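Structural overview for review
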Amino acid sequence: MDVGTIEAYHGAHRDFLDGRGFDLDSPDWPVITASITRPPAHIEKGAEVSDSFVCGGSVVSGQVVRSVVAPNAVIERGAAVTDSILQPGAVVRAGARVTRAIVDQHATVQVDAQVGAQGT
């Protein structure tokens, strides 16, 4: 699959969330990687996560819906991430809203900021 455009990249992630991507658990097609060992994802009390992939090393204190959260990403309490992709080390500060967006690695969405397609 060519994911050379932003829409295609975002669509490929949605396909995985919808179960249309290739089977990540197939014994006939194992995923072999030399990934860095990380602690498990930390989902804090009061956090809400639904229909999402949350990678190891990430910390979720806010809300995550239909999104992919990469390793070491942080979603602070009161922040909301919807239909989005957070790259490794991305941070979404308290009160921020990220909707239909891709947050680059190590980028920070500041307190109360709104990023992406708000209100759609």
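Report on the accompanying structure. Because the structure is predicted, anything quoted here is derived from the model rather than measured.

1. Considering empty space enclosed by the protein
Under the definition given, this model contains one cavity of 30 Å³ or more. Within this model, the largest cavity holds a volume of roughly 40 Å³. Residue lining of the largest cavity: His-10, His-13, Arg-14, Leu-17, Arg-66, Ser-67, Val-68, Asp-83, Ser-84 and Ile-85, and that is the complete set. Counting residues per element, the lining of the largest cavity draws most heavily on helix 1 (residues 6-17), which supplies four residues. Split by residue class, the lining of the largest cavity holds three nonpolar, four polar and three charged.

2. Quick notes on the sheet that holds strand 3 (residues 53-54)
A sheet is described by the order of its strands in space; here four strands give the open sequence 3-6-9-12, paired in parallel fashion. Each edge of the sheet is formed by a strand with only one pairing partner; in this case those strands are strand 3 and strand 12 (102-103). Across two bridges, strand 9 (residues 85-86) lies against strand 12 in parallel orientation. Each bridged residue has a counterpart across the sheet, and for Ile-85 the counterpart in strand 12 is Ile-102.

3. Overview of the nonpolar core
Ranked by internal contacts, the top residues of the largest apolar core, which has 16 residues, are Ile-75, Leu-86, Val-92 and Val-98. Setting aside residues up to four positions removed in sequence, Leu-86 forms contacts with Val-68, Val-69, Ala-70, Ala-73, Ile-75, Val-81, Val-92 and Val-103.

4. Some thoughts on the layout of surface pockets
Approximately 430 Å³ is the volume attributed to the largest pocket. In terms of lining, the largest pocket is formed by 13 residues, of which the most central are Val-31, Thr-33, Ser-35, Cys-55 and Pro-71. Breaking the lining of the largest pocket down by element, the ones donating at least two residues are helix 1 and strand 3. Its residues assigned to classes, the lining of the largest pocket comprises nine nonpolar, three polar and one charged.

So, how was this worked out
Residues numbered from 1 in each chain as written. Predicted model: local features only at pLDDT ≥ 70, side-chain atom pairs only at ≥ 80, totals over all residues. Heavy atoms only, no water. 1 Å grid on protein atoms, 1.4 Å probe; cavity = no way out; pocket = protein on both sides within 12 Å on 5 of 7 lines; lining within 4 Å. Points joined across faces, edges and corners; volume = space filled by probe spheres on them. Helix = DSSP H or I, 4+ residues; strand = E, 2+ residues; numbered from the N terminus. Nonpolar A, V, L, I, M, F, W, Y, C, P; charged D, E, K, R; others polar. Pairing = 2+ DSSP bridges. Core = buried A, V, L, I, M, F, W, Y, C linked by side-chain atoms within 4.5 Å. Buried < 20%, exposed > 50% of the residue type's maximum accessible area, 1.4 Å probe, protein only. Contact = heavy atoms within 4.5 Å.

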